[in-house]
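# Structural characterization, general
Here is how the chains run, residue by residue.
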Amino acid sequence: MPAAGSEGEEGLAGEQPGPGTPKLCGYLQKLSGKGPLRGFRSRWFVFDPRRCYLYYFKGPQEPLPLGHLDIASSCFSYHQPEAGAAASGDELTAFEVHSPGGAVTVLKAATRQDTTYWLQELQQKRWEYCHSLDSRTSPTPSDFSKGLVAKDNPDISILNQNASAERARNILAVETSPTDLVGEQAASQPAPVQGSAINFSLKQWSTEIKNSMSSLRKGSNDNRRSIFYTTEEWELLDPTPKDLEDSMALEEKRKHLAEGSKGLTSSAFPFDFGRIPHKARRPLKDMIGSSKNRTSSDSSPTECCSGNGNRLLSELQLKYQSQQEELEKLKKDLLSQKELVRLLQQTVRSSQYDKYFASRLCEGVPKDTLELLHQKDDQILGLNNQLEKLNLEKDSLQQEVKNLKCKVGELNERLGMLMETIQAKDEVIMKLSRQLSECEDSTSSQSGAINSPTATCSNKELQELDRLKDNLQGYKTQNKFLNKEILELSTLRRNAEAREREWQAKYTSLEAKLCQIESKYLILLQEMKTPVCSEDQSPASEVITQLLEDALKAEPNEQPEQAFFKPHLVSEYDIYGFQTIPEDDDEEKLVAKSRALDLRSLSLSENREISTGVKWENYLASTMNREMMRCVELKNLIRSGIPHEHRSKMWKWCVNLHVKKFKDSAVPGYFQILLQKALEKPNPASKQIELDLLRTLPNNKHYSSPTSEGIQKLRNVLLAFSWRNPDIGYCQGLNRLVAIALLYLEQEDAFWCLVTIVEVFMPRDYYTKTLLGSQVDQRVFKDLLSEKLPRLHSHFEQYKVDYTLITFNWFLVVFVDSVVSDILFKIWDSFLYEGPKVIFRFALALFKYKEEEILKLQDSMSIFKYLRYFTRTILDARKLTAIAFGDLNPFPLRQIRNRRAYHLDKVRLELTELEAIREDFLRERETCAEKRDLISDDEEDS
């Protein structure tokens, strides 16, 4: 995939397919390994439309791919079995992917239908991707996700689709539909098992170990779950002793029944019908373990360990039976001990009664009352004994019922087996009857024996005819597919040749222009070297004038047929919509053109180093089967800058990361409700918002006129926020924050981005009328500058330069209109992920970048003048980022918070003193008759 240039030559082609487009993914068998280990292994395949790669993973839940296939540069084929050979399942469902360099990858689907579907889809994806390269250098607006930048399509399509080729492709297409093993729903199903496959790979050990370790990392299970996660979670448990006991008892019982029935059938009938006993249910873990043991034993070259396993199993069964007998003995002992305890308790109870009665008798209780109590006590004891007898009878009856149920169950099983025996005998009788009838027919039809070979031959011919028809249909399908493959490859080859010719013409044009510039430059040097004594205008001045005119010429809009024959060095607008060359001053135009050329040169040199782009592609590929989560790897990637084609997706993810609790607590359609309220009932902030709309980013084409698309979106977001946060309402500076967010986000996402900045990142009073938080941050920044750059701080103190007049706007609008656009958006990438600490880092990095130049200035006016524009001369974003995140370390956030709290108290005290002075002045003016008539303009307006 071509690298993205500074003109936005690659957009969000890497975004996932929309909700209407099914994702191409599913299980395939991949042939891999060497020697005896070579075989088909089940892999989970996912197609990535960003690079036209087919990634394969060990399973749907794995974060890291085992490898990929470059579909854009590959061709496909499959072989029809020979006419005389029997077609195996592998031959019918396998196909080949031929990659550049002669590498051949053999893949196999579960069914022939899935094979045809995969081939058709891979052909279609390759056609769409390669045709997108031929027809355009930047994607159509639908390929972008969101934002105003997504609406731009600066480059021109010059190649039209070949209508005849499209018709031929449609005619040759074979319509198929996928099965359950293709698509996102296949991730919830088990992988198809290949009986003879050895699921083992020495080459891919490292990746599989990484995948296993990543699943063991600490953290939320939700963060590691994929978009292909299963809806059920299995828990593998060891079988309990009761389960083992029941399964063993049932197995023994059925074995004895089977032997008994076998003996009965052998004595009653001369044939022996052996039957397989039913298997007891086993826990899931044992089933999986036995399956693995079977697979390993089938694939192992030696099988001598099976006897040892059976011997060990018999020993364990004997030990288990002995332990069961001991357990039964202990149970009986326990019952006898319980009975003894019960009798002792009764004896103790009766002795307590006697003692009680004896004590009462000593107290003078009447004798007849004692006799009556003795009688009642005897009755109670008798009833208790009777109750115990009844309980024992009840237990014995329950045990008897239980035994009877077991006997009934055994009789039912025996009856079932006898019924099966009778059915088998009936089948044997029927079979013998048929044989007898066939023998009678054969004896009666001996006269027609001459005609029987003819009938047999006709049946064979019919079977051969059916087989030939099937082969013919298969060859027709294969012929259609291969013809379509040849057609597509020929078309793609012609398009590649045309694209190569166009790039060659562009290169020639660039070389010609370079030669012209070098020629004029040499003439200028020669003329400057030769002294001119006459007063006439020298040729050098004419050359200089001509060079300046050529340099300041804007690139005109070209015709489509000339698009590739004219080199695009500097366009009128950059990829973000900012004007590259101002329209007023010629000198400023020349500086801006020079700066734009330097930026273009830097971007071209960065595009040659594709390491950052490859890292982003690899990271996004690893998140195809899992959700993104905060990690050191992602932070380092964002610090290096988010690629233009992925910025919209990443900004939206960062914003949702910070405002998740706000969005969860908000009602559905919260933004639309606020917007409707703002449109129906204007608030005091509406007037100021309307005044600032066209003053937001006048040098950006998305906000340059009242009819621009960005103006209406900017108005909606600011009005909605003024209703959400009436304490702030609107503050000058919020409009620029929203304008930058809208370049890559839609209205609602830009609204939540503003909420993130104002309510999550910045202190509470940052954008209120007093700008208290902004003033505090300037004092914190002074402290950090004196600590990190002491020489520069002393230089400013020496010449009494208040640089906070410059840096105040940096913090308020996060460097909007202060640095070049490429650096601005790299700062915003880190700012939206890490928070406000990034502003301090880059503010210090800007001063450190130009520290030596500032130290050379020796008066306050020149220093202040230089500070007003020096940030626009910094073009190397990579160097600035290295200073911000490398040279300025350590940079603890706790230190910033502590200093904010310290300076906040001081600023509040100063504001209180100013308010007291203001009140004293107002009281003095009211008491003094001479000053009473003098009022300020603000008071007059109020």
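All residue numbers here refer to positions counted from 1 along the written sequence of the relevant chain. In view of the model being predicted, local features appear only for residues whose pLDDT reaches at least 70, and side-chain atom pairs are presented and counted only at 80 or more, with totals across whole chains, interfaces and linings using the full set of residues. The side-chain figures draw on all heavy atoms in the structure; neither hydrogens nor water molecules are used.

Time to look at the packing of aromatic side chains. The criterion for an aromatic pair is that two Phe, Tyr or Trp rings (for Trp, the six-membered ring) have centres within 6.5 Å, with stacked assigned to planes under 30 degrees apart, edge-to-face to planes over 60 apart and tilted to the rest. Counted by the stated rule, this structure contains 31 aromatic pairs. The aromatic ring of Y849 is capped on one face by K879, whose charged end is 4.6 Å from the ring centroid. Charges are assigned to positions over rings by a cutoff of 6 Å between ring centre and Lys NZ or Arg CZ, combined with an angular limit of 35 degrees from the ring normal.

Looking now at the nonpolar core. Take the buried residues of types Ala, Val, Leu, Ile, Met, Phe, Trp, Tyr and Cys, join any two whose side-chain atoms come within 4.5 Å, and each joined set is a nonpolar core. Whether a residue is buried, partly exposed or exposed follows from its accessible area with a 1.4 Å probe, protein chains only, as a fraction of its type maximum: under 20%, in between, or over 50%, in that order. Core analysis: the largest hydrophobic core is formed by 119 residues, its most contacted members being L734, Y767, F815 and F847. Working definition: helices are DSSP H or I runs of at least four residues, strands are E runs of at least two. Numbering for both runs from the N terminus. Among the elements that make up this core, the one with the highest residue count is helix α26 (residues 837-849) (10 residues). What makes two residues a contact is simply this: any of their non-hydrogen atoms within 4.5 Å. F815 has contacts with W810, L824, I827, I839, F842, A843 and L846, leaving out every residue within four places of it along the chain. If you look at the next biggest cluster of nonpolar residues, it comprises 27 residues, including F47, Y56, L66 and V182.

Moving on to the sheet that holds strand β7 (residues 104-108). Strands sit in the order β4-β3-β2-β1-β7-β6-β5 across an open sheet of seven strands; the sheet is antiparallel. Bordering the open sheet on either side are β4 (67-70) and β5 (75-77), each of which pairs with just one other strand. Between one strand axis and the next, the sheet turns through 35 degrees on average, direction left out of account. When DSSP locates at least two bridges between a pair of strands, those strands are taken to pair. Sheet analysis places strand β2 (residues 39-48) next to strand β3 (residues 53-57), joined by five bridges and oriented antiparallel. Looking across to β3, one finds that F45 is bridged to Y56. Only the stretch in contact is used when fitting a helix axis, every axis being a line fitted to C-alpha atoms; angles between N-to-C directions are given from 0 to 180 degrees.

Here the focus is the pattern of salt bridges. Think of a salt bridge as a Lys or Arg side-chain nitrogen and an Asp or Glu carboxyl oxygen that are within 4 Å of each other. All told, the structure shown has 20 salt bridges when counted by the stated rule. Here R342 ties to E388 by a salt bridge, and the two come within 2.4 Å at their closest N and O atoms. Placement of R342 in helix α8 (residues 305-362) and of E388 in helix α9 (residues 367-444) is noted, with a sequence separation of 46 residues between them. Linking E834 and R639 is a salt bridge whose minimum nitrogen-to-oxygen distance equals 2.8 Å. Residue E834 is found in helix α25 (residues 821-834), and its partner R639 is found in helix α14 (residues 632-639); the two are separated by 195 residues along the sequence. Of the residues examined, E834 reaches a relative accessible area of 21% and is grouped as partly exposed. The exposure class assigned to R639 is buried, which follows from its relative accessible area of 15%. Salt bridges sharing common partners tie together E339, R342 and E388.

Moving on to the pairing of β7. Most of β7 sits inside the fold, with four of its five residues counted as buried. Two strands pair when backbone bridges link them, and strand β1 (residues 25-32) and β7 are joined in this way by two bridges, in the antiparallel orientation. If you follow Q29 over to β7, its bridge partner there is K108. Between strand β6 (residues 94-98) and the antiparallel strand that follows it, β7, lie five residues; G101 among them carries a positive phi value of about 90 degrees.

Moving on, we come to the environment of A845. One can find A845 in helix α26. In the structure, A845 is positioned 37 residues away from A882 in sequence and 8.8 Å away in space, judged by C-alpha atoms. Those residues in contact with A845 that lie beyond four places of it in its chain are L880, I883, A884 and L888.

In terms of residue burial, β6 counts as a mostly covered element, since four of its five residues are buried. Note that β5 and β6 share three bridges and pair antiparallel. Bridged to C75 within β6 is H98.

A few words on the confidence of the model for the chain. Residue-level pLDDT values for the chain average 75, and 67% of them are 70 or greater. As a per-residue measure, pLDDT tells how confident the predictor is, with possible values from 0 to 100. For residues 136-144, every residue scores under 50 in pLDDT, and the model assigns this stretch 26 contacts once sequence neighbours within four places are set aside. pLDDT under 50 marks residues 258-306. Its contacts with residues more than four places away, or in other chains, come to 38 contacts.

With that settled, the discussion passes to helix α24 (residues 804-813). The element α24 is extensively covered by neighbouring structure, given that seven of its 10 residues are classed as buried. Burial in α24 covers these residues: T804, I806, T807, W810, F811, L812 and V813. Residues of α24 that are buried in the fold lie against α20 (734-742), α22 (772-788), α25, α26 and α28 (860-869). Positive phi shows up at V814, right after α24, with a value of about 55 degrees.

Before going further, it helps to examine the packing of α25 against helix α29 (residues 877-887). At a minimum axis separation of 10 Å, α25 and α29 run at an interaxial angle of 35 degrees. The handedness of the crossing between α25 and α29 comes out as right-handed. On the side of α25, the interface is formed by I823, K826, S830 and E834, while α29 contributes A877, L880 and F885. Within the contact of α25 with α29, the residues separate by chemical class into four nonpolar, one polar and two charged. Note on convention: near helix rotated counterclockwise from far helix by under a right angle means a left-handed crossing. Clockwise means right-handed. As a working rule, the residues Ala, Val, Leu, Ile, Met, Phe, Trp, Tyr, Cys and Pro are called nonpolar, Asp, Glu, Lys and Arg charged, and the rest polar, with Gly in that last group.

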